[in-house]
Each structure stands twice: as structure tokens, then as C-alpha cells.
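# An overview of the molecular structure
Each chain is listed here by its residues.
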Number of protein chains: 2
Amino acid sequence: MNDAEPTLPVAVPSTALFTDQYELTMLQAALRAGTAHRRSVFEVFTRRLPEGRRYGVVAGTGRVLDAVENFRFEPAMLDFLREQRVVDAPTLDWLAGFRFGGHVRGYREGEVYFPGAPLLQVEGTFAECVLLETVILSVLNHDSAVAAAASRMAVAAAGRPLIEMGARRTHELAAVAASRAAYVGGFDTTSNLAAGFRYGLPTAGTSAHAFTLLHDSERDAFTAQVESLGTGTTLLVDTYDVTEAVRTAVEVAGPRLGAVRIDSGDLLLVAHRVRQQLDELGARDTRIVVTSDLDEYAIASLAAAPVDAYGVGTRLVTGSGHPTCSMVYKLVARAAGDGPDAPLVPVAKKSLGGKLSVPGKKWAARRRGADGTAEAEVVGTGPVPADLTDRLVTAELMRDGRAVAREPLTAARERHIRSRAGLPLSATQLSRGEPVLPTEYR
Amino acid sequence: MNDAEPTLPVAVPSTALFTDQYELTMLQAALRAGTAHRRSVFEVFTRRLPEGRRYGVVAGTGRVLDAVENFRFEPAMLDFLREQRVVDAPTLDWLAGFRFGGHVRGYREGEVYFPGAPLLQVEGTFAECVLLETVILSVLNHDSAVAAAASRMAVAAAGRPLIEMGARRTHELAAVAASRAAYVGGFDTTSNLAAGFRYGLPTAGTSAHAFTLLHDSERDAFTAQVESLGTGTTLLVDTYDVTEAVRTAVEVAGPRLGAVRIDSGDLLLVAHRVRQQLDELGARDTRIVVTSDLDEYAIASLAAAPVDAYGVGTRLVTGSGHPTCSMVYKLVARAAGDGPDAPLVPVAKKSLGGKLSVPGKKWAARRRGADGTAEAEVVGTGPVPADLTDRLVTAELMRDGRAVAREPLTAARERHIRSRAGLPLSATQLSRGEPVLPTEYR
């Protein structure tokens, strides 16, 4: 067991080892064969959406740019690869100087997507592109799964605020990325302080049942909370009896109490009762927050309930039944030979068992009808047809190894709202169905 | 947006911000109320196993010990909390000096578990225990979900080696923890280099379809791979035509070729054909590795096939349908008052909507029958009955804030094998059913 830094929970200083071993052994064999420097194009795409989903949401693109720029082999990593004999000495020498110097095009973060489209296109030598496969897929598959769930929940919430609170249900660093992806997909705040620290997301949270149980009475607990956090705070009212708790809450905080939170029971029923009780107590502006195992269906079922905000955990960070996307990273074109001017030739694995890959370096455009509504995702190789040049979805993200498309996270969030709004109305149905746009190949 | 360190993909130097905001606001209110220093006992437990599962597997315990020891608020974190007004100045002062100084007992890593048992018990002041809720649950819920899936796959594989290769299907750091948890649950190697680097796990991997497609012919690709990696390597034989590829592989590498890998098609059928062909070509010791969307059921269905190793990705790192456990962290006892000698009183939220919590500081023991097979998980409060003192499952993990139960990962792996072997035989059925041990409360 490696115990070089036993006290550090995260002892990985760069992204270069978030990599499957075979990327490095392929590199070694290609370096020796003289093929490592062949110009290559890899593409990230999915063969299908998760069953029943109408659209996917690209998320993690900004994290991919960070990951690629920080993909370098530190001395400790090279020592490890040497000691474990993962690759040979010439490969280690090559890795020691490695920085990605190629180009990346693809979908901008927050964009909706459909099967077959080139979500990310990485172009450079085989050597530099093949190394990035694992970390690119890790980021995009995870973040896009969360963003897709978030987007469905945002549709169901129909404008009511959504609080991400799933940190405890997923790996502690996946949780930070999940908060970020949820924000792109339409969530408003997060309980996760690391996400606030790292990405500047707005954070939220006041108290749990433990706080009430710590005190000698619910009244003591509410008094302690209001004295410290002010009357604008959110009091949790379902530790013992909800009706009593709401009465106590308004007695303690007054009618300007910020909110009450309900975390169990029949939320529809309880929310109606609590609203009525709050109104009768004069606390008409006190909001109701609900937070018990919600998903997009539970949120939709509360549309008619007097609920002011939803807190969502488990189902959000696990992609609401689809915790990962099925994005793959495939070589679609490479130089026909070893000369510097060898033309690119399209390549693809032969289809076996439905694993279809379309060869060639692709672009994608979204064809729209007269009213502006999207009609098809058009994916093609070669020159972009004149009628689609202003409909291109793929954009330049990285040039010569440097990101050229960094943006604040709010830009991705707004792009997602616009992008989803441009789809046919059936996109926002929660029921199972086909992708709302067909993919056309040209 | 926070862009203090835009080039660092992981800019979180300690575990203290892997924390929901409400832990800190509860701390603030309790500090002000004078209740923050009440002695408290929190317990991690589940109310149920994932539907149909026969047992759970505790994993992540070692990571929890790291996370708790590294839970400290760095100056940059305190600045963030101050600027965002998450908590007030007295709370910030308290956090600046915080180190957990309490005690932790619980299940050892690799142990099987059942609903209601105190998997982790954290004892100290309310203040120091409440802060740890989120990060402890993140680690245990994630890692235990992966270990449970790994254990089922290991049962299905019946001794054949299992390779973890799911990095691309989950967050890049969750992937490292997933490799670790898979190893605890019975996997043998991982494709994930960061897991090799961080935890010393054995790594594996040779080549992907891209390597074959890079070359002008499959023969060129195989030749390049064998020249660089030796005849003991694993050649991927399903890029074009499997039969032709196997013939070429043995021609290129000779009959001492290490292995061939099949990643698509009807694995049962193809494995039989490939075995026959390899045998006819004299490559009787060449192994067959299969790797296409496997889960425990697919592995079991290949029991009669001539397969020598399984590579598993997506379904492993997503917990085979259950990507998180439902572990919660609840206050179960706290001091009856503020004096230093105030006795502990059991506490629990009132049950609403099935959210049952059993009050009191608990121990757990595994009752066994005459033949040594486990019969029940006994959970109790108060003194341990004499007949169960040598059957205790809960052990001391941390004393006065220092880990006392660190162990190599192999110890957890071996514990899991022993622990599972001590269960009734029905534990290893893959079909849905009830937990194989009932939980008895005393």
C-alpha cells in the first residue's frame, strides 16, 4: 500500500493519473511503432440517451478544460509509473514533458444534446489525444448525468427555487461537481460549502433534527436558532408534532419568520395544513420548504401545493435513476500515414452487438423550423452546408492546448435555459418517450 | 464566481468544507445558546438495504478516519465563510481552532451489515460531532454502495479474477474511491492509475480499439503491441472480425500469447468459439478476458463459458442499480443538561412517514448458531449481555480524535471474505430477497 502521504485525503496533485492504464501502454506501443505522432481526431458521443429521456444536457465542459490544462505528470507520478513498471523508460521520458497541445471543439456547457452528436472533439497527435480519454469521460459522464436530472427537476419546479443538498449521498468530491452541474441544469442554491468555495455557488441551510433533539424542548431549540440566525431563518418543524411546532415557531420568531421546513410525511397534505396554519397565525409571508426524498415526479406532484422551495438530494446526485451517461471517446479519423501532410482518413470499429460508431470528423448543427423551434440535430462530415452554417452547435473550446472558451457558470446555466426553450414542447414532459429531436446524418 | 485558483481542478486543501451549511449554522446557534458543548452520540445506520439485497458491505471506514483527522478550517476557508457571512465571528474563531477530539466506534471496513445497526458511532461534544455529518456520510454512502456491488460480482465470478475499469463512468475522484471499495468487495485489479498511486492497488490494462484503428492494419497494431509489451500482453480481438483477429494474434504473438479481450457481441457464444480456435492454434494457455457492460447477472451467466477474467465498469461504479446507500447520521443520545457530569439521555425524532430512528447509544453483535453460521444481528443499548461479549461487531476506531484502527486495505478485503462466508448460504443468491439476517433489538 502506498502511504507516502497518509494524512492527505486527496493526494493527487494533477489530473494525469485519472487515467486508465491502457492509455499509457497504447502510448508506449505507438511510440515504439512510430505511429504515436499520427494526427488523430477523437470524438465524445453517446449511442443513446438514458431510456425514456427526451434530451441530454452537456455539463462539465469547464471542468474538462481545467482537467486538460492540468494534465501533466509530476515527478512522484513518474516514479510510481517507473516503480510499478507500467511503461518503459522512453515512454516515461515522453510523459515527463507532456502538455496537451491540440485542439478541442464541442458543445458548449449547458447545451442540450442527442445521440450521435460530437459532444467533444479532440484533435492532435494520437499520443496526446489518447491520454485524455478517461478523465474527459469521467467529467462529462458524471456532470452531464446530474445536469440532466437537474433540468428535469427545474422543469417540474416551474420557477420555484431548488436547493441542491445531495452531498451526503455521493462521493465528497463528486458532490462538489454535482452541485456545479445542478446549477447548470437549473438549481438555485446548494447546501455544499465546498461548492460555494470552489465555484462561488450560492449556499443555503439552517438546521437539522439533531439541533432540536439537542435541546431540552423544541421551544428552546427554536429560540436558540432565532436568536442566533434571526427571524428570517428556516425552522424545521417535523421533529415531533408539526402543528405544535408551527405554533411554537411563530410564537418564538413572530409572524415574520422566514420559512419552515418539512422533511417527512405526506408533503402535499402537510404543506396545505401548514400553509393554512401559518396564514391563520398571521405568518402569511413565511415560506414552506420541503425536502423529503424528492425527484422530478414528486416535485411535479406538489405543483398545486403551497410549497415555496424544494430541497433535493439523493435523486439529484444519482442522476434520477441514471447516475452516468453512456458517453464514449472514439477515434474517428487519423492520418493515412506517417508523413506530416498525410490526409485524415475516417475510421471506426466494425459494429458488433449494437456498438455503432460513425467514422469521420464531424460537426453538428440544430435545424430549426419557421417559428424557430428545433426540428433536428444534423450531424455531418466535410464542409458545413450553407443552410446550416449559422446553426452550428459545435464551437471551438481549446486551441493549441489553451482554453479559448472559458465562461462564468451563469453563462452555461443561461445557455441551458435558452437551449431547452428552443426544443419542441414535448421535451419538458416527464413521461418516458423518444428523444425530441431526431439525429440526421449528412 | 470564485476564481482564486482557476488552474487547480481540486482546490480544496482539507475536508472541512465537504460539509452542508446547516452543520455550521447549527453550531453557531448552539454556541450562542450554550448547548454546543453538550456531550452527544451520533450514529450512522440505514433503515433498509437497497431493495432485494441480502446484505450490505461497509466500505470507506479508512477514508473516514483520514477525513476526520484532516477536518480543519484553513485560513482561505475561514475567509470564505466570513465573506459569505455563513457564520458569525465567534463561530469563526471556534472553527479556526477546531480539531475533532472525540471517539469513534463502529463496524470495521469490509464487514457485512444489516438495517438498524450502528455502523459508525461518533461521540464528543455536539459541536464537534455535528460538523462531521456530511463528509462521513459522503464517504460511507458512496464507498459502501460500490463495495456491495463488487461483493455480488465477486460471488458471481466464483474465483475468476475481476478487473475494475469504471473510471470513465463516474467522477474522476469518485473513481479512485470506487477502485478502493471494489478491492475491498473482492475485485483483484483496477485500470485506474490514480488508485494504484494512492492506494497501491494492482493495476491492469493494455489496449483499446483506438490502437487498432490507428494502424494501417490489425496485424500492424498487434505487431506494435507485442513488440512493445511482449507476448504476455492482452490483444483486443473485436475491432473487425473476431476469428480473423484471433488467427492474426496467434500468428503475431505465437502460442504463448497472454490473453485476448472480447468487448462486444454475444460473449457466451464468442468466448466458446474463441477458446476452441485458440486451442486449435495451440494457444491453450492464452486466456480470454471479457469486458462488455457486465454486471453480476452477466458474470453469473458466463459461469460455464471459457472465460478467464472479467472487466467491469459502469455497473460496478454505479452500485449495480444502487449508486448510494441510505445511511443517515442521527443524534441518538445527548447530555441531559449543561453540567460536566450530566448523564446521557436517548433521543430520537418522532417517526413520520416510516423514518424510524431508535434512540440510545448502541452496540451490535452477530449471534451465531452451533455450526458458526450467523443467525441474527443483535443491536442493543446498555451493557452487552454475557452471551454476546465475544460476538461484538462494533469496535473502537478513533480515540480522542486519533485513529486507532488503521489497517492495510488487504485486511478489509480479507475481513469481507470471512464476514460473508459466515452468513447463511442464501446470502450469495443474486436473486432479490430479504436481508439474510434479521436485526434483533435488545
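Residues numbered from 1 in each chain as written. Chains lettered and ligands numbered in written order. Predicted model: local features only at pLDDT ≥ 70, side-chain atom pairs only at ≥ 80, totals over all residues. Heavy atoms only, no water.

### Remarks on the overall build of chain A
This is how it is decided: For helices the rule is a DSSP run of H or I covering at least 4 residues; for strands it is a run of E covering at least 2, with both sets numbered from the N terminus onward. Relative accessible area decides the class of each residue, using a 1.4 Å probe on protein chains only: under 20% of the type maximum gives buried, over 50% gives exposed, and in between gives partly exposed. Here, two residues are considered to be in contact whenever any of their heavy atoms come within 4.5 Å of each other. Note that accessible areas follow from Shrake-Rupley with a 1.4 Å probe, and for residues the cover is restricted to the protein chains shown. When charges are counted, Lys and Arg contribute as positive and Asp and Glu as negative, whereas His and the chain ends are disregarded. The atom standing in for a charge is NZ when the residue is Lys, CZ when it is Arg, CG when it is Asp and CD when it is Glu.
Secondary structure summary: chain A contains 15 helices and 18 strands in total. When each of the 442 residues of chain A is scored for burial, the buried share is 61%. Considering only intrachain contacts with a sequence separation of at least 6, the fraction spanning at least 24 residues in chain A is 74%. Element-wise, carbon and sulfur atoms account for 50% of the exposed surface of chain A, whose accessible area totals about 15500 Å². For chain A, the separation between the mean place of its 49 positive charges and that of its 52 negative charges on side chains is 6 Å.

### Quick word on the interface of chain A and chain B
Reports of interface size often rely on the accessible area that becomes lost once the parts have come together. What counts is decided by this rule: Summed over both partners, the accessible area lost on bringing two parts together, with a 1.4 Å probe, is the buried area. Each salt bridge in this description consists of a side-chain nitrogen of Lys or Arg and a carboxyl oxygen of Asp or Glu lying within 4 Å of one another. Following the grouping adopted for this structure description, the nonpolar residues are Ala, Val, Leu, Ile, Met, Phe, Trp, Tyr, Cys and Pro, the charged ones are Asp, Glu, Lys and Arg, and the polar ones are all others, Gly among them.
In this complex, chain A contributes 114 residues to the contact, which on the side of chain B involves 114 residues. In this assembly, chain A packs against chain B so that about 10000 Å² is buried in total across both faces, 60% of it on carbon and sulfur atoms. Counting the contacts that link chain A with chain B gives 13 salt bridges. In terms of residue count, helix 1 (residues 21–33) of chain A provides more of the side of chain A that touches chain B than any other element does, eleven residues in total. Partitioning the side of chain A that touches chain B into residue classes produces 54 nonpolar, 38 polar and 22 charged.

### Quick notes on empty space enclosed by the protein
Just so we agree on the cut-off: Every definition here rests on a 1 Å grid over the protein atoms only: cavities are sets of points where a 1.4 Å probe fits but cannot get out, pockets are open sets enclosed by protein on both sides within 12 Å along at least five of seven lines, and lining residues have some atom within 4 Å of a point. Grid points are joined across faces, edges and corners, and a volume is the space filled by probe spheres set on the points.
Across all of its chains, the model carries eleven cavities of 30 Å³ or more by this definition. Estimated volume of the largest cavity: approximately 140 Å³. Considering the residues around the largest cavity, the lining is formed by 15 residues, among which Thr170(A), Val317(A), Pro323(A), Thr170(B) and Pro323(B) are closest to the centre. Its residues assigned to classes, the lining of the largest cavity comprises six nonpolar, seven polar and two charged.

### Considering unusual backbone geometry
Residue and element names in this part refer to chain A. Although it is not a glycine, Arg85 adopts a positive phi angle of roughly 55 degrees. Mapped onto the elements, Arg85 comes out in the loop between helix 3 (75–83) and helix 4 (89–96). Arg85 gets classed as exposed once you look at its relative accessible area, which sits at 74%.

### Section: helix 2 (residues 61–69) of chain B
Burial analysis of helix 2 of chain B places eight of its nine residues in the buried class, the great majority of the element. For helix 2 of chain B, the set of buried residues is Thr61(B), Arg63(B), Val64(B), Leu65(B), Asp66(B), Ala67(B), Val68(B) and Glu69(B).

### Remarks on the domain arrangement of chain A
Residues and elements named next belong to chain A. Filter applied, for reference: An automatic or database domain assignment provides the domain bounds reported here.
When cut into domains, chain A gives domain 1 (21–128 + 330–441) and domain 2 (147–321). Each of domain 1 and domain 2 has a C-alpha centre, and these two points are 38 Å apart. Between domain 1 and domain 2, the contact holds 19 residues from the first and 25 residues from the second. Carbon and sulfur atoms supply 58% of the area that domain 1 and domain 2 bury against each other, a total of about 1800 Å² over both sides. Its largest share of buried area at the contact with domain 2, domain 1 owes to Arg53, Arg413 and Leu430, together 42% of the area lost on that side. The tally of links from domain 1 across to domain 2 stands at three salt bridges.

### Side note on the relation of the copies chain A and chain B
Put simply, the rule is: The copies are overlaid by a least-squares fit using only the C-alpha atoms of residues whose pLDDT is at least 70 in both copies.
When chain A is fitted to chain B, the residual RMSD is 0.0 Å, and the transformation amounts to a turn of 180 degrees plus an axial shift of 0.0 Å. What the superposition gives is, in effect, a two-fold axis relating one chain to the other. Of all interface residues in chain A, 100% are interface residues in chain B too; the two copies therefore contact each other through one and the same surface.

### Thoughts on the sheet that holds strand 12 (residues 328–335) of chain B
Residue and element names in this part refer to chain B. Worth spelling out the cut-off: Strands are labelled as partners when DSSP assigns at least two bridges between them. To get an axis, a line is fitted to the C-alpha atoms, and for a helix only the part in contact is used. The angle between two axes follows their N-to-C directions and goes from 0 to 180 degrees.
Within the open sheet, the seven strands sit side by side as 13-12-1-5-3-16-17. Their pairing is antiparallel. Either end of the sheet is taken by a strand with one partner, and the two such strands are strand 13 (344–346) and strand 17 (402–403). Bridge analysis of strand 12 against strand 13 gives three bridges, and the strand direction is antiparallel. When the bridges of strand 13 are listed, Arg334 appears paired with Val345. The sheet strands contacting helix 2 are strand 5 (120–125), strand 16 (395–399) and strand 17, and the helix crosses strand 16 at an angle near 20 degrees. Each of strand 1 (39–45), strand 5 and strand 12 is contacted by helix 6 (residues 133–157), which is oriented at about 140 degrees to strand 12, the strand it contacts most.

### Some points on the sheet that holds strand 10 (residues 287–290) of chain A
Note on sheets: strands pair through backbone hydrogen bonds, and any given pair is parallel or antiparallel. Residues and elements named next belong to chain A. Taking strand neighbours across the sheet as the criterion, the six strands line up as 7-6-11-10-9-8 in an open arrangement whose pairing is parallel. Here the strands that pair on one side only, and so sit at the sheet edges, are strand 7 (189–190) and strand 8 (234–236). By the bridge criterion, three bridges tie strand 6 (residues 162–164) to strand 11 (residues 309–312) in an arrangement that is parallel. Directly across from Glu164, in strand 11, lies its bridge partner Val312.

### Structural notes on the pattern of salt bridges
For the coordinates displayed, the defined rule picks out 67 salt bridges over all chains. Across the pair Arg39(B) and Glu123(B) runs a salt bridge whose closest N-O atoms are separated by 3.6 Å. Within this pair, whereas Arg39(B) is found in strand 1, its partner Glu123(B) is found in strand 5, the two being separated by 84 residues in sequence. Its relative accessible area of 34% is what places Arg39(B) among the partly exposed residues. Owing to a relative accessible area of 12%, Glu123(B) belongs among the buried residues under this scheme. The salt bridge partner of Asp79(B) is Arg82(B), with a shortest N-O separation of 3.1 Å. With Asp79(B) and Arg82(B) both in helix 3 (residues 75–83) and three residues apart, this pair spans about one turn of that helix. A relative accessible area of 46% places Arg82(B) in the partly exposed class. Salt bridges here are not isolated pairs; linked through shared partners, they connect Asp20(A), Glu23(A), Glu133(A) and Arg168(B).

### Points about the confidence of the model for chain A
Residues and elements named next belong to chain A. Heads up, the condition is: Each residue carries a pLDDT value, the predictor's own confidence for that position, ranging from 0 to 100.
Here chain A averages 94 in pLDDT, while 96% of its residues score no lower than 70. This stretch, residues 1–12, has a pLDDT under 50; its non-local contacts, to residues over four places away or in other chains, come to 26 contacts. Confidence estimates for the predicted assembly give a pTM of 0.97 and an ipTM of 0.96.

### Considerations on the environment of Leu92(B)
Residue and element names in this part refer to chain B. Turning to its location among the elements, Leu92 is positioned in helix 4 (residues 89–96). Each C-alpha atom of the pair Leu92 and Ile288 lies 59 Å from the other, and the pair is 196 residues apart in sequence. Residue contacts for Leu92: discarding those within four places in its chain leaves Leu78, Leu81, Arg82 and Val87.

### Focus on the side chain of Arg420(B)
Residue and element names in this part refer to chain B. For clarity, the cut-off: Under the rule applied, a polar contact is a pair of N or O atoms within 3.5 Å (in protein, one hydrogen donor and one hydrogen acceptor; residues adjacent in sequence only if both atoms are side-chain atoms).
With respect to the helices, strands and loops of the structure, Arg420 is situated in helix 15 (residues 409–421). Polar side-chain contacts of Arg420 include one of 2.9 Å to the side chain of Ser151. For Arg420, the residues in contact, after removing those within four places along its chain, are Tyr55, Val112, Ser151, Ala154, Val155 and Gly185.

### Let's talk about the nonpolar core
For the record, the criterion: Side-chain atoms within 4.5 Å are what join buried Ala, Val, Leu, Ile, Met, Phe, Trp, Tyr and Cys residues into a set we call a nonpolar core.
One finds Phe73(A), Leu81(A), Ile136(A), Phe73(B), Leu81(B) and Ile136(B) to be the most contacted residues of the largest nonpolar core, which totals 158 residues. Those residues within four positions of Phe73(B) in sequence are excluded, and the remaining contacts are Ala16(B), Leu17(B), Leu24(B), Leu78(B), Leu81(B), Leu95(B), Phe98(B) and Leu131(B).

### Digging into the environment of Asp293(B)
Residues and elements named next belong to chain B. Assignment of secondary structure puts Asp293 in the loop between strand 10 (287–290) and helix 13 (296–301). For Asp293, a relative accessible area of 57% corresponds to the exposed category. For the pair formed by Asp293 and Asn192, sequence separation is 101 residues and the distance between their alpha carbons is 17 Å.

### Details of the packing of aromatic side chains
Filter applied, for reference: Here a Phe, Tyr or Trp ring, Trp counted by its six-membered ring, pairs with any other such ring whose centre lies within 6.5 Å, and the pair is stacked when the planes are under 30 degrees apart, edge-to-face when over 60, and tilted otherwise. Placement of a charge over a ring requires the Lys NZ or Arg CZ to be within 6 Å of the ring centre, with the centre-to-atom vector within 35 degrees of the ring normal.
Evaluation of the coordinates by the stated rule reveals twelve aromatic pairs over all chains. With a centroid separation of 5.6 Å and 80 degrees between ring planes, the pair formed by Phe197(A) and Phe80(B) is classed as edge-to-face. With Phe197(A) in helix 8 (residues 193–199) and Phe80(B) in helix 3, the pair connects residues from two separate chains. By relative accessible area, Phe80(B) is classed as buried at 7%. Consider the rings of Phe42(B) and Phe126(B), whose centres lie 6.0 Å apart with planes at 40 degrees: the pair is tilted. Taken together, the positions of Phe42(B) in strand 1 and Phe126(B) in helix 5 (residues 126–130) put the pair 84 residues apart, joining distant regions of the chain. With respect to burial, Phe42(B) and Phe126(B) carry one shared label: buried. One aromatic cluster is present, built from ring pairs that chain together Phe71(A), Phe73(A), Trp94(A) and Phe98(A). In this structure, Arg413(A) is placed above the aromatic ring of Tyr183(A), and the distance from its NZ or CZ to the ring centre is 4.5 Å. Above the plane of the ring of Tyr199(B) lies Arg180(B), whose end atom (NZ or CZ) is 5.4 Å from the centre.

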